[in-house]
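Reading the structure
Now for the letters of each chain:
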Amino acid sequence: MRQLVILSGKGGTGKTTLASALISLSRTRAYADCDVDAPNLHLIGADYTRQEDASYYGLPLAVIDPDKCAACGACEQACRFDAVIQGSPYRINPYACEGCKVCGLVCPAQAIAMKPHQAGTMTLYYGEGAVFSTARLKMGSGTSGLLVSQVKNRLEHAAGEYTGFAVIDGSPGIGCPVIATLSGAHAALLVAEPSLSGLSDLERIIETARGFGVMIAVCVNKADINPEITDRIKAYCQREGLLFAGAIPYDPLAVQAVNQGRTIVDLDCPSGKAAKEIYRKIMPLLESV
Amino acid sequence: MMSDRTIAVLSGKGGTGKTFISVNLACAAAPATYIDCDAEEPNGHLFFQPAIKTREAVNVPVPRVDPAKCIECRQCVDFCAYHALAWTGRELLVFDEMCHGCGGCAMLCPAQALKETERAIGRVQTGEAQGVQVLSGFLNPGEATGVPVIKQLLNTGHPGGRVIIDCPPGSSCMVSESIQDADYCVLVAEPTRFGAHNLAMVHELARLYNKPCGVVLNKALPGDDPSRQYCQAHGLPILAEIAFEAQLGKLTSNGMIAVKEDPRYRALFERLLERIDQEACHAAVGHS
């Protein structure tokens, strides 16, 4: 299964809006939302007829048995993540604990055990001949890279023999969820915003994506908000040998589409037209990757 | 009245205008301190262009193996919860990016073959621009987590006064870390379904940490606003509404600070500061 991932570095540039348009245009039978910190793709598009939920367990976390704890403080001294709360007995802060097990190693009273910890929920939606894999991380949890990998694995597994291509909506940033999204991908479409912030974040996501050897294409959303910076992004792509896939104008109708749970290509609007052009430009290239 | 409150600005969804709100709030509050905790995509410095005072590397510990001492027992490999160590059959490998720096392997090694050294994953930078102390954290591309950068950033000394914390998007551990010391949380929301959905998530996070909070509706457009509906349904105070304006978008996209360019925005952000103070004050009284 060829994976096209949609990323941006900066948040709110329109990844999910464009991803939903590409899903609709390509009629792909497999897609996923890897923005497990703030998933939104499920709010748009298809009518799902069936859904399968599964719990996501991150690393087991430390738990102190109050009956055995001698309150010696050895765990607190050894913990590098400030996850041990002083007291009698001592306690573990599950939001800070990274599951390293060092506290258990140093506890002279064997009072510390590692216990499974549900850190999120994963969902597979089925409908209209397609499968959609998504997840939501529990508030304040860490290790979302692992959850992203599982969202992708579940998608591949559920898509079975399907050998076409999958659209994968990513998260903002450049950290571990993005790295897990890029891993195994064939192409990355980067959605940039024409601002100094957008340009700075674009450079950082390109540097990150290059480490994975994926084909990189760039498009600009809300391009007419700042035509000068849009031109700078075009010139930058040319210099760096990256495919410039197109520019989408600022379009209040896009907001309307999202709020009706529809994609921008379901409406006759300027942003939808631009999305179709981007689709026409990148699809042949994706097939040749 | 001067206030020393720490205000965290967060949103769940990216691109709602956290940095725009934070930078302008800090500017309106000057003398103040602005802390950019969005280490994966730090942008506040692009607006302030501060005169840099200090630059400090953020280092994390990683193990290094002395092959002459290694007795090939593989206890470290079995212990590491992050699969950062592997035994190839001939040598012990360390995958730096996977390591969380817990120190367990070095502690466990019966042959003292593992020693920890420091590895830079980013930097913390401080500077000053027009009465605002600007503190920024930068994560190096390719690195997995910005948490150590945020921790070091928040421990970096600053002159105090009012502190504005520009948080990363999402609702993960990185955001929790950023709001830990905040007296008040400003939630920035967009007038879309996406915006409202992610507003609900950060609202839950703020409640989890018992932080008083209110909402700024940004890029407001005429017509239905799912974020406003969420605030009304949940009794969340709307602190300010900022209408979408192409000219404001252009100004901000060029890295300019609206408060400095346009008296209308100065007035708006001064009112917002006052409103935050009132709300935070009420919350403090309510809690005592």
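How each quantity is defined
- Residues numbered from 1 in each chain as written.
- Chains lettered and ligands numbered in written order.
- Predicted model: local features only at pLDDT ≥ 70, side-chain atom pairs only at ≥ 80, totals over all residues.
- Helix = DSSP H or I, 4+ residues; strand = E, 2+ residues; numbered from the N terminus.
- Buried ≥ 20, exposed ≤ 12 C-beta atoms within 10 Å, placed from the backbone.
- Pairing = 2+ DSSP bridges.
- Axes fitted to C-alpha atoms, helices over the stretch in contact; angles between N-to-C directions.
- Contact = placed C-beta atoms within 7 Å.
- Expected span 1.5 Å × (residues − 1).
- Core = buried A, V, L, I, M, F, W, Y, C linked by C-beta atoms within 7 Å.
- Left-handed = near helix turned anticlockwise from the far one by under 90°.
- Nonpolar A, V, L, I, M, F, W, Y, C, P; charged D, E, K, R; others polar.
- pLDDT = per-residue confidence, 0-100.

Focus: the overall build of chain B
- Counting secondary structure elements, chain B contains eleven helices and eleven strands.
- Its C-alpha atoms put chain B at 70 × 40 × 40 Å along the principal axes.
- Counting all 288 residues of chain B, 52% fall into the buried class.

Examining the sheet that holds strand β11 (residues 187–192) of chain A
Residues and elements named next belong to chain A.
- The sheet built from nine strands is open, its strands ordered β3-β8-β9-β2-β10-β1-β11-β12-β13 with mixed pairing. Both outer strands of the open sheet, β3 (50–57) and β13 (243–247), are each paired with one neighbouring strand and no more. Averaged over all pairs of adjacent strands, the angle between their axes in this sheet comes to 20°, without regard to strand direction.
- One ladder, built from three bridges, connects strand β2 (residues 30–33) with strand β9 (residues 130–137); its direction is parallel. In the sheet register, A32 faces β9, and the bridge partner there is S133.
- Sitting on the sheet, helix α4 (residues 144–159) is in contact with β2, β3, β8 (118–127), β9 and β10 (165–169), with an inclination near 165° to β9.
- Against the sheet, helix α7 (residues 227–240) makes contact with β11, β12 (215–220) and β13, and its axis sits at roughly 165° relative to β12, the strand it touches most.

Concerning helix α1 (residues 15–26) of chain A
Residues and elements named next belong to chain A.
- Spanning twelve residues, α1 covers 16 Å between terminal C-alpha atoms, matching the ideal 16 Å at 1.5 Å per step.
- Turning to α1, its buried residues number three or more, namely K15, T16, T17, L18, A19, S20, A21, L22, I23 and S24.
- Looking at the residues trailing α1, positive phi occurs at R27, about 50°.

Side note on unusual backbone geometry
- In the segment running from S88 of chain A into P89 of chain A, the intervening peptide bond is cis, with an omega of 5°.
- Within the element layout of this structure, P89 of chain A appears in the loop between β5 (84–85) and β6 (91–92).
- The step from A30 of chain B to P31 of chain B runs through a cis peptide bond, and the omega angle for that step is 5°.
- Looking at the secondary structure, you find P31 of chain B in the loop between α1 (18–29) and β2 (32–36).

Some remarks on the sheet that holds strand β1 (residues 6–10) of chain B
Residues and elements named next belong to chain B.
- The strand order across the open sheet formed by nine strands is β3-β6-β7-β2-β8-β1-β9-β10-β11, and the pairing between neighbours is mixed. Strands at the two margins of the open sheet, each flanked by one partner only, are β3 (51–65) and β11 (238–243). Each neighbouring strand pair of the sheet contributes to a mean axis angle of 20°, computed without reference to strand direction.
- Along the sheet, α1 makes contact with β1, β2, β7 (132–139), β8 (162–166), β9 (184–189) and β10 (213–220), crossing β8 at roughly 170°.
- Across the face of the sheet, helix α7 (residues 193–208) comes into contact with β1, β9 and β10 while running at roughly 170° to β9.

Comments concerning the nonpolar core
- Formed by 163 residues in total, the largest nonpolar core has its most connected members in A188, L189 and L190 of chain A together with V186 and L187 of chain B.
- Dropping the residues within four chain positions of it, L190 of chain A is found in contact with L7, S8, L202, I205, I206, I216 and V218 of chain A.
- Counting residues in hydrophobic clusters, the runner-up holds 18 residues, among them L61, C79, A83 and V102 of chain A.

Here we look at the packing of α1 of chain A against helix α9 (residues 270–288) of chain A
Residue and element names in this part refer to chain A.
- The interhelical angle for the contact between α1 and α9, taken along N-to-C directions, is 65°, at an axis separation of 10 Å. The element α1 and its partner α9 pack so that their crossing is right-handed. Two secondary-structure elements touch here, α1 through L18, A21, L22 and L25 and α9 through G272, A275, K276 and Y279.
- Classifying every residue of the contact of α1 with α9 gives six nonpolar, one polar and one charged.

Brief notes about the environment of C167 of chain B
Residue and element names in this part refer to chain B.
- Considering the arrangement of structural elements, one finds C167 in the loop between β8 and α6 (173–179).
- Remark: the alpha-carbon pair of C167 and R271, spanning 104 residues in sequence, is separated by 22 Å.
- Setting aside chain neighbours within four positions, we find C167 in contact with A8, V9, L10, K18, C37, D38, V175, S178 and I179.

Section: the pairing of β8 of chain B
Residue and element names in this part refer to chain B.
- The buried fraction of β8 is high, at five of five residues.
- As paired strands, β1 and β8 are joined by four bridges and run parallel to one another. Counted as the bridge partner of V9 is D166 from β8.
- When β2 meets β8, the two strands line up parallel, connected through five bridges. Paired with Y34 across the strands is I164, a residue of β8.

Side note on the confidence of the model for chain B
- Put simply, chain B has an average pLDDT of 93, and 98% of its residues get 70 or more.
- Interface confidence for the predicted complex, expressed as ipTM, amounts to 0.89; the pTM equals 0.92.

Regarding the interface of chain A and chain B
- Taken together, the 49 residues of chain A in the interface contact 51 residues of chain B.
- Taken together, the elements giving at least two residues each to the side of chain A that touches chain B come down to α3 (102–106), α4, α5 (176–182), α6 (196–210) and α8 (252–259) of chain A.
- Element by element, the count of residues in the side of chain A that touches chain B is highest for α6 of chain A, at seven residues.
- Looking at the side of chain A that touches chain B residue by residue, the class counts come to 20 nonpolar, 21 polar and eight charged.

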